[in-house]
Number of protein chains: 4
Amino acid sequence: MSPLDFLDPYTDLALEATAAMRGDAQTEIPGVRISEDKLDHEITVNWVEVISPEGEHAIGKPMGNYITIDCAELHRRNRDVQEAVGKVLIDKLDKLLSLGPNTSALIVGLGNWHATPDALGPRVTAKLLVTRHLKDFVPPEVAGGLRPVAAISPGVLGITGIETAEIINGIVERVKPDVVICIDALAARSLERIGTTIQIADTGINPGSGIGNQRRGLNRETLGVPVIAMGVPTVVHAANIVHDSMEALANEFKHRKAFFQLFNTPGERRLMIQQVLTPSVGQLVVTPKEIDDMIEDMAKILAGSLNAVLHTSITAQEMLKYVN
Amino acid sequence: MSPLDFLDPYTDLALEATAAMRGDAQTEIPGVRISEDKLDHEITVNWVEVISPEGEHAIGKPMGNYITIDCAELHRRNRDVQEAVGKVLIDKLDKLLSLGPNTSALIVGLGNWHATPDALGPRVTAKLLVTRHLKDFVPPEVAGGLRPVAAISPGVLGITGIETAEIINGIVERVKPDVVICIDALAARSLERIGTTIQIADTGINPGSGIGNQRRGLNRETLGVPVIAMGVPTVVHAANIVHDSMEALANEFKHRKAFFQLFNTPGERRLMIQQVLTPSVGQLVVTPKEIDDMIEDMAKILAGSLNAVLHTSITAQEMLKYVN
Amino acid sequence: MSPLDFLDPYTDLALEATAAMRGDAQTEIPGVRISEDKLDHEITVNWVEVISPEGEHAIGKPMGNYITIDCAELHRRNRDVQEAVGKVLIDKLDKLLSLGPNTSALIVGLGNWHATPDALGPRVTAKLLVTRHLKDFVPPEVAGGLRPVAAISPGVLGITGIETAEIINGIVERVKPDVVICIDALAARSLERIGTTIQIADTGINPGSGIGNQRRGLNRETLGVPVIAMGVPTVVHAANIVHDSMEALANEFKHRKAFFQLFNTPGERRLMIQQVLTPSVGQLVVTPKEIDDMIEDMAKILAGSLNAVLHTSITAQEMLKYVN
Amino acid sequence: MSPLDFLDPYTDLALEATAAMRGDAQTEIPGVRISEDKLDHEITVNWVEVISPEGEHAIGKPMGNYITIDCAELHRRNRDVQEAVGKVLIDKLDKLLSLGPNTSALIVGLGNWHATPDALGPRVTAKLLVTRHLKDFVPPEVAGGLRPVAAISPGVLGITGIETAEIINGIVERVKPDVVICIDALAARSLERIGTTIQIADTGINPGSGIGNQRRGLNRETLGVPVIAMGVPTVVHAANIVHDSMEALANEFKHRKAFFQLFNTPGERRLMIQQVLTPSVGQLVVTPKEIDDMIEDMAKILAGSLNAVLHTSITAQEMLKYVN
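Residues numbered from 1 in each chain as written. Chains lettered and ligands numbered in written order. Predicted model: local features only at pLDDT ≥ 70, side-chain atom pairs only at ≥ 80, totals over all residues. Heavy atoms only, no water.

### Details of the interface of chain C and chain A
So, step 1. Each side of the interface is counted separately: chain C has eight residues, and chain A has eight residues.
So, step 2. Counting each side, the surface lost to burial between chain C and chain A is near 720 Å², with a carbon and sulfur contribution of 32%.
So, step 3. Where chain C meets chain A, there are two residue pairs in polar contact (both at pLDDT 80 or more).
So, step 4. Here the residues of the side of chain C that touches chain A sort into three nonpolar, one polar and four charged. (Contact = heavy atoms within 4.5 Å. Buried area = accessible area lost by both parts, 1.4 Å probe. Polar contact = N/O pair within 3.5 Å; in protein donor to acceptor, adjacent residues only side chain to side chain. Nonpolar A, V, L, I, M, F, W, Y, C, P; charged D, E, K, R; others polar.)

Here's what the structure looks like:
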């Protein structure tokens, strides 16, 4: 166990939460199963399965499946890499969604259109092929390849004055989709995850997640249908950068007694960290300066993959073709 | 009656619908009361009151009050003119809204954020002072000047796949506002109305209104609370321009027999108009090329007026100060 | 000759100017050669060559080549149609440009980013693969497929206070490109041309063109290098709609004496038109309400075609792949 | 001297560069004069004057005047605070600019419109009252209050392929302004400076400044006229956050021998820092997640102040009234 991990920095990624618990020693966590696949284009897929309340408590994420697709090459903005990641995403979404031929879906773009780092959800919904309203107008031979898809970007509490869960509940009651897919910008622990990792989960969105204000859950319990969450980290708390640099420092000197004599008690450690953090980075959440391009790229990949998974008439090869 | 008005071109403005019926002779329309005020800055206020089913049928608008504020000077983009129009709007909104000290309001920005001529509603909601979620956090002496205001821009059927009325119904059931105010871009008959006229009405939004696709009504009957509609014309059907030019031609020659010999029967007239219209302008809806600035200016005036009417702590003088 | 064409409505399209002169009788115009090709996807290519001062005077366009690619299907926003039009455009650009292996190009995006109907030029430059600054950093085997391309969107006189020609002249002097390609939104006579026609010409941009204010020319004479102009009509003068409807009316009744008795003298005719036009549509320039999508689609086609023509490492098939 | 400041983190702010040199002991720096004023609304004004090559070398900024206006309250987005800061800015700009009655100005908005943290310059130019082209059309009694102002946002090297200095040089040669004012987004050392500090300087923009790629200077030497630079920090290098946290740690333990035994030689220290930084935050530049609102607010204050300074017909009280 690292001498500094008592800070417990927040992350929306189950993989990071798990890694923090396992530490360098890669110890097993009871109630959590992990597997990893290495694919072409240096794409890594991690599957974290939380199988018991014990695991839930250990990593602070509800029971369920969390799939993380990671590709550092996404930073290069290469279309071939984007398509390769998209195909993996299509494959994994397909596994989580269990779609029937007429399954209807409601895609919810969470976040704030007017704040770039929080705009992933609305950007994805703007690029989707929405079809629910066409079903009565399209001839059956065409409709065969299109499942009924609806989409909404309700905005955030600060600009609507209404809890997002209230809005979505009202819509789900009327639209009665078979599945809800929520897209959201996430907070990661590590800056290098931003714009390079996609997480999908079958647990929905749960209080405290996301970079916005707290909101009530969007999950099977609250909405009555399966809820898939898709997200990409777009921000980290500046405190995490401080924490990580201190942890790296600690790792550097872990064999030297002198260092640890400085941190005698947990109380002393916490005090020290707080003083380091205050006031310049205390509450700040940061994002890379390339955030505009990053959001645009990731929105294309997510929307393209959703279009291809939901509409059988769009092949994985054509994924980026029908994205607006 | 003009020889060409059988075309009955569509308008969202009760004032234009009334004027079309009254014709040059300014005949009275049973069931419709009209009054006009001339104010400073060449602002004209017209009040059309539809008081019976007979009037409703005559002009094709539901019974209720329609107030039109018109100011050709708005084209000059002068801040003093904008404030003057805003103050008249505040005064008229106040009359229609009958607000109590704790009246809660839901503002609905109808239309499509991604289509400039249809983006008035979403642009207004983006500039509003939304407060519903603050009521538990604000000390009473501050809260005294702020009524609970919520706002939503649900998008249009083509991008959500869901009837807007379904979405709003679901939200109204949960938020339970005392009044709903819908903002929408309108279609006018006359190009000169675009960006110079504001209509407010206590009849809500009714099928066929707006420039988007047909949608079910948003009114007291469907939502269970008073619904105020605010709109600004942003488009005209190109057919109206054709119609108006022919009507002007007809007026030019109304004392010459030769002209009218050309139009012997209504059937002949209709056929002629159709041939003139086909195919170049048939279904086209047009907007001035300055539409971006126009939408921005009008969104500021509407949002500023709503902020000042709904929040007593904002004076009419400060109207434009708190608009984002 | 039509009884009403004395109004001489303005168009940036040489094809429309030619058609107006030729009239229904399709008479030849001395000094102007015209050819037409019908291609797949209902694409029509017209080549207007103005070969003498006589032709120049007749249609009001400088001597040179004007190629018009027309496809009404572009309204359907189908990717296959867009690619088909793009391939024709690539072919025609290639003919006009006569590129050598190291030809350097400066692309100038004329128009106003903040006014949607005038934003075509800036939108195209934003989507280009710009490479001039990379030449010293890219290995020769990669650089082989990339010509040096620079791009600038200087803004319009109203937002810079500087004549666009002054800005471009200063840049051309320093950058010394072998060819300049100017992109601009155009004014057409006919509403149906908007978003369905692309004009390219080897005559550059000449005073009075475009929908913005008058600006000095951008052509071989003023810039010292060949200047190719590319444009898409995005607006029409509302007066043209009036004119067209009257012309249609005149055609309808061209065999009836009674109609022509109404227009005894040219002076009477002009007066009549003026009265019809005043004041509602007099100076207004209009654009369809779908202008946002139209500009986005056309910017993709133009930028994609330019990328493929200028960079041999991008094939025509990949045209839309590298457009941002 | 702090035990860790050998890292020498980059900042565009002369005040931060000075503070880093002075350290906690507030030692004087030869060749650099500093003064500080505390004003209402907790606004602090610092004036750093680099008066000799010695001072230039010490803090790494060219000789000249650097005025920093700082107000942490700007984070609250209060209009009264914004106006108060704007008035201070107007006063300081007036001192640096020495405007005559007919002084003409060219405002250059540096940076990339499409990257929010780098978009400050283009956003300011979009809000300016540009008048150079009006001088021949405006009656003298009106023109009296308006100086000739031109504005340009040329884009960045990555999107134009042309060095910004080349473009601006070409324009300055033609427009021949009496003064050039460059607006740019800056990099600060401290996260808390972002969106709360405005720096103006009479030294222009010099190589290595700004958050974009290196560009040649825009200063009196290269442009031939006085060049005023205005900027607001919008980003920090993530490495600075690491550095600051280590510095805070060092300060915390500066009286304990054990800590310093860990850092025996500068070489060891540098290695340690590098290992802490690699790879997660090495080259990353970050910005707060509220960047969109911050850029909008600061653009309004800068544009409003410029309008009021340059046009005597706009009073400081009306500063925000004429900002688009």
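### Quick notes on the confidence of the model for chain A
So, step 1. Of the residues in chain A, 82% have a pLDDT of 70 or more, and the chain-wide mean is 86.
So, step 2. With a pTM of 0.92, the predicted complex shows an ipTM of 0.89. (pLDDT = per-residue confidence, 0-100.)

### Side note on empty space enclosed by the protein
So, step 1. On inspection of all chains with the given rule, the structure shows three cavities of 30 Å³ or more.
So, step 2. The calculated volume of the largest cavity comes to roughly 490 Å³.
So, step 3. Looking at the largest cavity, it is lined by 29 residues, and the ones nearest its centre are A:Trp113, A:Ser153, B:Trp113, B:Ser153 and B:Gly155.
So, step 4. The set of elements that each furnish at least two residues to the lining of the largest cavity consists of helix H4 (120–126), strand E5 (149–152) and helix H6 (157–160) of chain A together with helix H4 (120–126), strand E5 (149–152) and helix H6 (157–160) of chain B. (1 Å grid on protein atoms, 1.4 Å probe; cavity = no way out; pocket = protein on both sides within 12 Å on 5 of 7 lines; lining within 4 Å. Points joined across faces, edges and corners; volume = space filled by probe spheres on them. Helix = DSSP H or I, 4+ residues; strand = E, 2+ residues; numbered from the N terminus.)

### Notes on unusual backbone geometry
So, step 1. Although it is not a glycine, C:Ser98 adopts a positive phi angle of roughly 40°.
So, step 2. For C:Ser98, the position within the fold is in the loop between helix H3 (79–97) and strand E4 (105–109).
So, step 3. For C:Ser98, a relative accessible area of 60% corresponds to the exposed category.
So, step 4. The backbone of D:Arg77 shows a phi angle near 60°, a positive value even though the residue is not glycine.
So, step 5. Mapped onto the secondary structure, D:Arg77 falls in the loop between strand E3 (64–70) and helix H3 (79–97).
So, step 6. Under the relative-accessibility criterion, D:Arg77 is labelled partly exposed at 34%. (Buried < 20%, exposed > 50% of the residue type's maximum accessible area, 1.4 Å probe, protein only.)

### Details of helix H12 (residues 291–310) of chain C
So, step 1. Relative to the 28 Å expected for 20 residues at 1.5 Å per residue, H12(C) spans 28 Å between its end C-alpha atoms, a close match to the ideal helical length.
So, step 2. Of all 20 residues in H12(C), 18 are buried; the element is thus mostly enclosed. (Expected span 1.5 Å × (residues − 1).)

### Side note on the pattern of salt bridges
So, step 1. Applying the stated rule across the entire model yields 56 salt bridges over all chains.
So, step 2. Of the charged contacts, one joins B:Lys38 and B:Glu36 as a salt bridge, the two residues approaching to 3.6 Å between their closest N and O atoms.
So, step 3. Where D:Asp70 meets D:Arg193, a salt bridge forms, and the shortest distance between an N and an O atom there is 3.0 Å. You can see D:Asp70 sitting in strand E3 and its partner D:Arg193 sitting in the loop between strand E6 (179–188) and strand E7 (197–201), a full 123 residues away along the chain. The pair D:Asp70 / D:Arg193 is uniform in exposure class, with both members buried.
So, step 4. Each of A:Glu16, A:Asp70 and A:Arg193 takes part in one network of salt bridges that share partners. (Salt bridge = Lys/Arg side-chain N within 4 Å of Asp/Glu carboxyl O.)

### Here we look at the relation of the copies chain C and chain A
So, step 1. Least-squares fitting of chain C to chain A yields an RMSD of 0.0 Å, with the transformation described by 0.0 Å of translation along the axis and a rotation of 180°. This pairing of chains is accounted for by a two-fold axis. Proximity to the rotation axis, assessed at the C-alpha, singles out C:Lys321 in chain C; its C-alpha lies 4.1 Å from the axis.
So, step 2. Both copies contact each other with a shared surface, as 100% of the interface residues of chain C are interface residues in chain A too. (Least-squares fit on C-alpha atoms with pLDDT ≥ 70 in both.)

### With respect to the packing of helix H3 (residues 79–97) of chain B against helix H12 (residues 291–310) of chain B
Residues and elements named next belong to chain B.
So, step 1. Two numbers describe how H3 lies on H12: the axes approach to 9 Å, and their chain directions differ by 45°. Between H3 and H12, the angle is such that the two are oblique. Crossing geometry of H3 relative to H12 is assigned as right-handed. Mapping the contact onto sequence places Gln82, Val85, Gly86, Leu89, Ile90, Leu93, Asp94 and Leu97 in H3 and Asp297, Ile301, Leu302, Ser305, Leu306, Ala308 and Val309 in H12.
So, step 2. Among the residues making up the contact of H3 with H12, the classes are represented as 10 nonpolar, three polar and two charged. (Axes fitted to C-alpha atoms, helices over the stretch in contact; angles between N-to-C directions. Parallel < 35°, antiparallel > 145°, perpendicular 65-115°, else oblique. Left-handed = near helix turned anticlockwise from the far one by under 90°.)

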